[in-house]
Amino acid sequence: MDVRHLEPLLAHKTRYLSTWRRGCEADAPPARLDEIFQAFDREIDRIGALPSERLLDSALRATGSGLAQRGVPLATLLAASAHAGHAAIETLGEGASAGVLRALNELAAQRAATYLRAYETQDEAPRPRCTRALLAGAERVASTAGYGIVGRSAATMHLRRSVEAAARGPSTILVTGESGSGKELVARAIHAASGSGKLVALNCAALPSHLVESELFGHVRGAFPGAATDHTGLFVAANGGTLFLDEVTEMSPEIQAKLLRVLEERTVRPVGSLEETAVDARIVASTQKDPLASIDSHRLRADLFYRLQGYCITVPPLRDRREDIPLLAEHFLATFCNRKSGCIWAVSDAAMAALVAADWPGNVRELRNAIEHAITTGSSDVIDVTDLPPHLAHHVPRRSEGVSAAAVHLPSLAEAEIDLIRATLERCGGNKLRAAASLGISRHKLYDRLRRM
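None of these values were measured; they are calculated from a predicted model.

Visitor: Explain the packing of aromatic side chains residue by residue, including any values.
Guide: By the definition in use, this model includes six aromatic pairs. Arranged with centres 5.4 Å apart and planes meeting at 85°, the rings of Phe-37 and Phe-40 form a pair that is edge-to-face. Taken together, the residues Phe-37 and Phe-40, both in helix H3 (residues 30-49) and three residues apart, mark about one turn of the helix. Phe-40 shares its class with Phe-37; the two are buried. Among the aromatic residues, those joined into a cluster by ring pairs are Tyr-16, Trp-20, Phe-37 and Phe-40.

Visitor: Residue-level account of the pattern of salt bridges, with values.
Guide: By the definition in use, this model includes 15 salt bridges. Taking the shortest distance from any N to any O, the salt bridge between Glu-184 and Arg-188 comes out at 2.8 Å. Here Arg-188 and Glu-184 lie together in helix H10 (residues 183-194), a separation of four residues that amounts to about one turn. Overall, the relative accessible area of 41% leaves Arg-188 in the partly exposed class. Two residues, Arg-307 and Glu-264, come together in a salt bridge whose shortest N-O distance is 3.7 Å. Here the residue Arg-307 occupies a position in helix H15 (residues 302-308), and Glu-264 occupies one in helix H13 (residues 253-265), the gap between them amounting to 43 residues.

Visitor: Outline helix H4 (residues 56-69), supporting the account with residue identities and numerical values.
Guide: Here H4 contains 14 residues, and its C-alpha end-to-end distance of 20 Å stays within 8% of the 20 Å for a straight helix at 1.5 Å per residue. Regarding H4, the residues found buried are Leu-56, Asp-57, Ala-59, Leu-60, Thr-63, Gly-64, Gly-66, Leu-67 and Ala-68. Once H4 finishes, Gly-71 follows within two positions and takes phi at roughly 80°, a positive value.

Visitor: Go over the pairing of strand E2 (residues 199-203) with me, naming the residues and quoting the values.
Guide: Burial along E2 is one-sided: Val-200 and Leu-202 are buried, while Leu-199, Ala-201 and Asn-203, pointing the other way, are not. Pairing analysis gives five bridges linking E2 to strand E3 (residues 242-246), with the strands arranged parallel. Paired with Leu-202 across the bridge in E3 is Leu-245.

Visitor: Can you lay out the sheet that holds strand E7 (residues 312-314) for me, pointing to particular residues and giving the numbers?
Guide: Taken together, five strands build an open sheet; the order of strands is E2-E3-E6-E1-E7 and the sheet is parallel. Edge positions in the sheet fall to E2 and E7, since each has one partner strand and no second. Neighbour to neighbour, the strand axes of the sheet diverge by 20° on average, direction disregarded. Both strand E1 (residues 172-176) and E7 contribute to a ladder of three bridges, which runs parallel. In the strand pairing of E7, Thr-176 is matched with Thr-314. Running at roughly 160° to E7, helix H9 (residues 154-168) makes contact with E1, strand E6 (282-287) and E7 of the sheet.

Parameters and conventions
Residues numbered from 1 in each chain as written. Predicted model: local features only at pLDDT ≥ 70, side-chain atom pairs only at ≥ 80, totals over all residues. Heavy atoms only, no water. Phe/Tyr/Trp six-rings, centres within 6.5 Å; stacked < 30°, edge-to-face > 60°. Helix = DSSP H or I, 4+ residues; strand = E, 2+ residues; numbered from the N terminus. Buried < 20%, exposed > 50% of the residue type's maximum accessible area, 1.4 Å probe, protein only. Salt bridge = Lys/Arg side-chain N within 4 Å of Asp/Glu carboxyl O. Expected span 1.5 Å × (residues − 1). Pairing = 2+ DSSP bridges. Axes fitted to C-alpha atoms, helices over the stretch in contact; angles between N-to-C directions. Contact = heavy atoms within 4.5 Å.

What follows is the structure, given as structure tokens:
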């Protein structure tokens, strides 16, 4: 089958899935239909990214294996997949050429056969050993995720107590911390703990100064070119709730002065208006920069800083709360798996050791991206070291004579290659042909490296 014949259909994926689903409504139980179509959505993306027919089978197997693990009946899956051809023809209309129709027929046959094999081998295939199964991990995460802040380290417990105090206390709060550490999450936690109004957020670094002023304070019609209607502004929108100002040090000095006035008088005057409106909103501002250094460099007004400093919260970097990393990894694993079909069920011990040992300059955001990368690139139902972004594989702890078990050193290139080959072979069940394809080398080159090892 020539996969290229499917390109016209893949270009209309959203419409195709919608048409397909309508045809399935009468046959597949609605309770399982969402799970099936999440898997179909991911399968179509994989097919579109495949360079050749040779790897098409892996995309279909991923769907079958994932749904089998989640207990979706095979009959339900096959009934849903049977509607694919009709949906494709309806989607393409006159664009359904003979080549497309032939490819669809071949794909339908391959789908059914591959799904059947996946279900037949599901119970026979041993799962890689791992002490951190996702289901148990989800329970641990849920029990330690107060206000959405995942973790049980001393630093995280202190952060939660700070959130509770901020929710009960002052009307202005300053949250500091490195990029990616979770400052917006803390702002949302404060709002959730206060239990009042709605949360409105503004990234001060994302807009030019004149737009920041309009977004915050509002404007009247004709106040500036393009202002065709009145706009109330975010202060009024957040009245009775919380206004989150992300990266407040990126505001111009003029906007900072106007913000200070609003904080002092609790009234706003829209751009181009003479009338003032009373507002009552909790202000949570954040910055990844050192506030005192920002004052010295004239990026932050000192009087605004002292006004915002009603209560200060510093979000700890991830490297200072490493014991939270397993819980965070399992939290993101559950999040992305639920979104992408639920086929990954755990993180291997070696991969978890690499995650715990890494430096994480990008903090929690970087960890989140690493888990998403592993789910996207991995071919097993367990995330292993080789599925992580390449720079993280060098953080696997190693034992050696005369060195404690906690010692970590960077491997040599030869050691890294040996570990990669061994991990790939294990993941591929000892199949050298599949391992060579996964490593991107020929079978003969793999044999040569194995002889050297």
